[in-house]
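Spelled out from the first residue to the last, the chains are:
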Amino acid sequence: MKLVYVEDCFCGKTIRVLSKLVNVKLEEEIIPRETMFSKEVKSKYPKLPALILPGDHIIFDTPVILRHLARNTPYYKGNDELSLIDSWMELYKSEVFDKAYMTVIMPILGHSPYTNRSYNEGLAAFKSQLSRFDKVGEFLVGNSLSIADIWAVAVLHLPFALIMDDGLKKNFAKLTAWFTKVANEPAFVEEFGLPRFCKVTLKPVLPPTEAAEEKKEGKEKKGGKDKKEKKEKKEDEKKDEKEEEGDDDAPKKKPPCPLDILPPSPFDIDEFKREFLANKTVETKRKYLQTTFWNKFDPNGWALWYSDYIKAEGEGEVLFKTSNLLGGFLCRIETMGRYGFGILGIFGEEPKLEMRGVYLFRSTEIPFFMTDHPSFEYYKTRKLDHKNPEDQKIVEDLSLIHISEPTRPLYISYAVFCLKKKKNK
């Protein structure tokens, strides 16, 4: 059997947890995040994750795959227990995975747009379900671990790290105790790292979308029809003026990106990303960097940079605030795409947290999308020598932090890949 999943997606990690518990070895095909919505991927796999069975039959959806792998095992058996397991899995899928992730989790991570209304309603809906989730003993069903526990704990990893503040954890102590116990199982820790708990509910790193539109709509409604007609008249006048002026004021063609007119480089950044992310262990990633990356690296067309954040007074004392600071910095990098790749991390413990990382940029100098960044001046940067063993070690060590430090399992609290895809207009 072959498992196909998106790199760093918790659904793939969940299936890998069960495969280890039931001792089933799976072949793997890892889809990079930047290609997960491409026509090529969608034509082969309409939905991810997917499990390819013998005879090229394919099943989709994480709960379905978990049931298939757990069939006739201690993790999914018993007539009455099967119904209870299915019921718990459906509850967590419909109320947390399908709803809370889209309206709350993804906005907090900066991965999807939101409005204040949708975010607040989603957060309230999630909290309203906690009393149902709190009706749990040592395990969700029976006296042993089942796929209901595996699926539910996997789904709750991000809510506990981002939403479940100290007050909620205290009010729903049974839920917290059960989650903590299962999340610390060796198979879970191997895939997800040790569980992380937030002290306060984190806020989205980006401002809400449609805020300006909602304000504008409110003003137009308040002003009534006359205001709308006045606006249309103004637009018509501007249009007439533009036509009279002729082509002199026609919009000028946007100049090409300065990085696109650099001499060609033999180093393929997309190929590097695919190969680098395809390696899942510390040993294989380090081996790839040492045996392949350094041989392919083109110092005439690319450069490596070490970055260290210069903290102001009071910064780096609280993890969630430092995470938001890091997330906000990355979300404001408007152009990255094929021009670079980087990993930033949060190191140390409260109240002495540090932010540092490494970048790979097209060009031998720091590109414009970083120098124009309003917060880049607060980072101390140093160009790395690809032939210097000490600088090579810096690149290798920082490139492995997302899998070599199990106490920092969530990229919102320890590392973020700069894999922003360039938007084609």
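Residues numbered from 1 in each chain as written. Predicted model: local features only at pLDDT ≥ 70, side-chain atom pairs only at ≥ 80, totals over all residues. Heavy atoms only, no water.

(A) Broad picture of the packing of aromatic side chains. Overall, the coordinates contain 25 aromatic pairs when judged by the stated rule. Geometrically, the ring pair formed by Phe-276 and Phe-341 is edge-to-face, given 5.8 Å between the ring centres and 75° between the ring planes. Here Phe-276, found in helix H11 (residues 269-278), pairs with Phe-341, found in strand E6 (residues 340-347); they are 65 residues apart in sequence, far enough to count as distant. Accessibility assignment for this pair places Phe-276 and Phe-341 in one class, buried. In textbook terms, an aromatic cluster arises when at least three aromatic residues are bridged by ring pairs, as seen for Phe-267, Phe-272, Phe-276, Tyr-288, Phe-293, Trp-294, Phe-297, Trp-302 and Phe-341. A cation sits over an aromatic face here: Lys-13 above Phe-192, 5.9 Å from the ring centre. Residue placement shows Arg-356 over the ring face of Phe-347; its charged tip is 4.1 Å from the ring centre. (Phe/Tyr/Trp six-rings, centres within 6.5 Å; stacked < 30°, edge-to-face > 60°. Helix = DSSP H or I, 4+ residues; strand = E, 2+ residues; numbered from the N terminus. Buried < 20%, exposed > 50% of the residue type's maximum accessible area, 1.4 Å probe, protein only. Lys NZ or Arg CZ within 6 Å of the ring centre and 35° of its normal.)

(B) Region of the structure containing the nonpolar core. Membership of the largest hydrophobic core comes to 70 residues, with the highest contact counts inside it found for Leu-18, Tyr-92, Leu-140, Leu-162, Leu-175 and Trp-178. Phe-272, Leu-277, Leu-289 and Phe-293 belong to the second-largest nonpolar core, a separate cluster that totals 21 residues. (Core = buried A, V, L, I, M, F, W, Y, C linked by side-chain atoms within 4.5 Å.)

(C) Fine view of unusual backbone geometry. With an omega of 5°, the peptide bond running from Leu-48 to Pro-49 counts as cis. Residue position: Pro-49 is located in the loop between helix H2 (39-44) and strand E3 (50-53). Here Glu-350 and Pro-351 are connected by a cis peptide whose omega angle stands at 5°. Here Pro-351 shows up in the loop between E6 and strand E7 (354-362).

(D) Main features of helix H1 (residues 10-21). For H1, with 12 residues, the first-to-last C-alpha span of 17 Å sits near the 16 Å given by 1.5 Å per residue. Counting buried positions along H1 gives 9 out of 12 residues, so the element sits mostly inside the fold. Buried residues along H1 sit in contact with strand E1 (2-6), strand E2 (27-31), helix H3 (62-70), helix H4 (79-109), helix H6 (147-162) and helix H9 (186-192). Positioned one or two residues after H1, Asn-23 has a phi angle of 60°, which is positive. (Expected span 1.5 Å × (residues − 1). Contact = heavy atoms within 4.5 Å.)

(E) Quick peek at the sheet that holds strand E4 (residues 57-60). Taken together, 4 strands build an open sheet; the order of strands is E2-E1-E3-E4 and the sheet is mixed. Only two strands of the sheet have a single partner each, and these edge strands are E2 and E4. The sheet shows a mean angle of 20° between the axes of neighbouring strands, taken without regard to direction. Strands E3 and E4 of the sheet are contacted by H3, whose axis makes an angle of about 120° with E4. (Pairing = 2+ DSSP bridges. Axes fitted to C-alpha atoms, helices over the stretch in contact; angles between N-to-C directions.)

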